[in-house]
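# Remarks on the overall topology
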Amino acid sequence: MTKIRSLLRAMLCAVFALLFAAVWTQSAHAYTWARGVTLYNGPGLCVQGDAGIDHARPNVFSGNLAYGNAYALTQGCGTGLTKPASQAGVQVHVFRWNGSEWQLCRSSDWKFGPTGQTGGDLGSPYGPSIVFDYGGSASCGPGRYGAQAHVMVWDGSQWREGHVWSGAETVP
């Protein structure tokens, strides 16, 4: 009986080890993101943004997409702050490394939208966002690509803005 238990235990461990290896050896994602980057934190307003880039890969949920999100939060970057659609915007620029510098490949139009406390991921703060199809390597050739989100929020007297860099990844 102990041999059967030992054998069953070994088989169970092997199954779990194979499942663990299968999950962890696959690419966790085919994209690169920078999330919640603080661009301004002043009286009555905190401005944060996200930037991301992805490229199409076979058998993986992916696409030739660049992402940008803008958030308005209370001072100290606490909770979401409600702003009308005309007071927050985001634009995404896609760059390709040419061997010596980052060159602009493509840009999205500006997108303006409201900001608020709940309704985003898991009920978190939300703001205008862009999912931009930049075309992958068909746009500017294979190489290293990165996305830069230009985020801006009106504080009542001036635009508070900045750029968020996604990081780079190789697009074949």
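A brief report on the enclosed structure follows. (Residues numbered from 1 in each chain as written. Predicted model: local features only at pLDDT ≥ 70, side-chain atom pairs only at ≥ 80, totals over all residues. Heavy atoms only, no water.)

## With respect to the state of the cysteines
Each disulfide consists of one covalent bond between the sulfur atoms belonging to two cysteines. Our working definition: By disulfide we mean two sulfur atoms from cysteines, separated by a distance within 2.5 Å. Helix numbering and strand numbering both begin at the N terminus, where a helix is a DSSP run of H or I of at least 4 residues and a strand a DSSP run of E of at least 2.
Applying the stated criterion across every chain yields a total of 2 disulfides. Disulfide pairing is shown between Cys46 and Cys77; the S-S distance is 2.0 Å. Between Cys46 and Cys77 the disulfide shows an S-S torsion of about 80°. By sign, it is right-handed. Linking Cys46 in strand E2 (residues 45-54) with Cys77 in the loop between strand E3 (65-73) and strand E4 (88-97), this pair joins segments that are 31 residues apart in sequence. Across the disulfide, Cys105 is cross-linked to Cys140 (sulfur-sulfur distance 2.0 Å). Taking the torsion about the S-S bond as the criterion, the Cys105 to Cys140 disulfide, at about 100°, is right-handed. Note that Cys105 is positioned in strand E5 (residues 102-107) and Cys140 in helix H2 (residues 137-140), a separation of 35 residues in sequence. What connects to what in the chain, once the bonded cysteines are numbered by sequence position, is 1-2, 3-4.

## Quick look at the packing of aromatic side chains
Applicable threshold: Each Phe, Tyr or Trp ring, with Trp reduced to its six-membered ring, pairs with another whose centre is within 6.5 Å; inter-plane angles below 30 degrees give stacked pairs, above 60 give edge-to-face pairs, and intermediate values give tilted ones. Each residue gets one of three labels from its accessible area relative to the maximum for its type: buried under 20%, exposed over 50%, partly exposed in between, using a 1.4 Å probe on protein chains only. The criterion for a charge sitting over a ring is simple: Lys NZ or Arg CZ within 6 Å of the ring centre, and within 35 degrees of the ring normal.
In the structure shown here, the tally under the stated rule is 8 aromatic pairs. Centroid distance Trp110 to Phe112: 5.8 Å. Interplanar angle 25°. Geometry classified as stacked. By relative accessible area, which is 32% here, Trp110 ends up partly exposed. Judged by relative accessible area, which is 39%, Phe112 ranks as partly exposed. The structure contains a cluster of three or more aromatic residues connected by ring pairs, namely Phe95, Trp97, Trp102 and Trp165. The positively charged end of Arg35 is found above the aromatic ring belonging to Trp33, 4.2 Å away from the centroid.

## A closer look at the environment of Lys111
Put simply, the rule reads: Residues are treated as being in contact if the distance between any of their heavy atoms lies within 4.5 Å.
Relative to the assigned elements, Lys111 resides in strand E6 (residues 111-112). Residues Lys111 and Gly89, 22 residues apart in the sequence, show an inter-C-alpha distance of 5.4 Å. The contacts of Lys111, once residues within four sequence positions are left out, are Ala88, Gly89, Val90, Pro128, Ser129 and Ile130.

## A few points about the sheet that holds E3
Under the convention used in this document: Any two strands between which DSSP finds at least two bridges are classified as paired. Axis definition: a line fit to C-alpha positions, over the contact stretch in the case of helices; interaxial angles, taken between N-to-C directions, run 0 to 180 degrees.
The 4 strands lie next to each other as E1-E2-E3-E7, forming an open sheet whose pairing is antiparallel. The strands lining the two open edges of the sheet, one partner per strand, are strand E1 (31-42) and strand E7 (129-133). Adjacent strand axes in the sheet meet at a mean angle of 10°, parallel and antiparallel pairs treated alike. Bridge analysis of E1 against E2 gives 9 bridges, and the strand direction is antiparallel. When the bridges of E2 are listed, Gly42 appears paired with Leu45.

## A short note on the environment of Ala88
Inspection of the secondary structure assignment puts Ala88 in strand E4. Looking at Ala88, the relative accessible area reads 0%, which means it is buried. Here the alpha-carbon distance between Ala88 and Pro128, two residues 40 residues apart in the chain, equals 6.8 Å. With sequence-adjacent residues up to four places away left out, Ala88 is seen in contact with Lys111, Phe112, Gly113, Thr115, Pro128, Met152, Val153 and Trp159.

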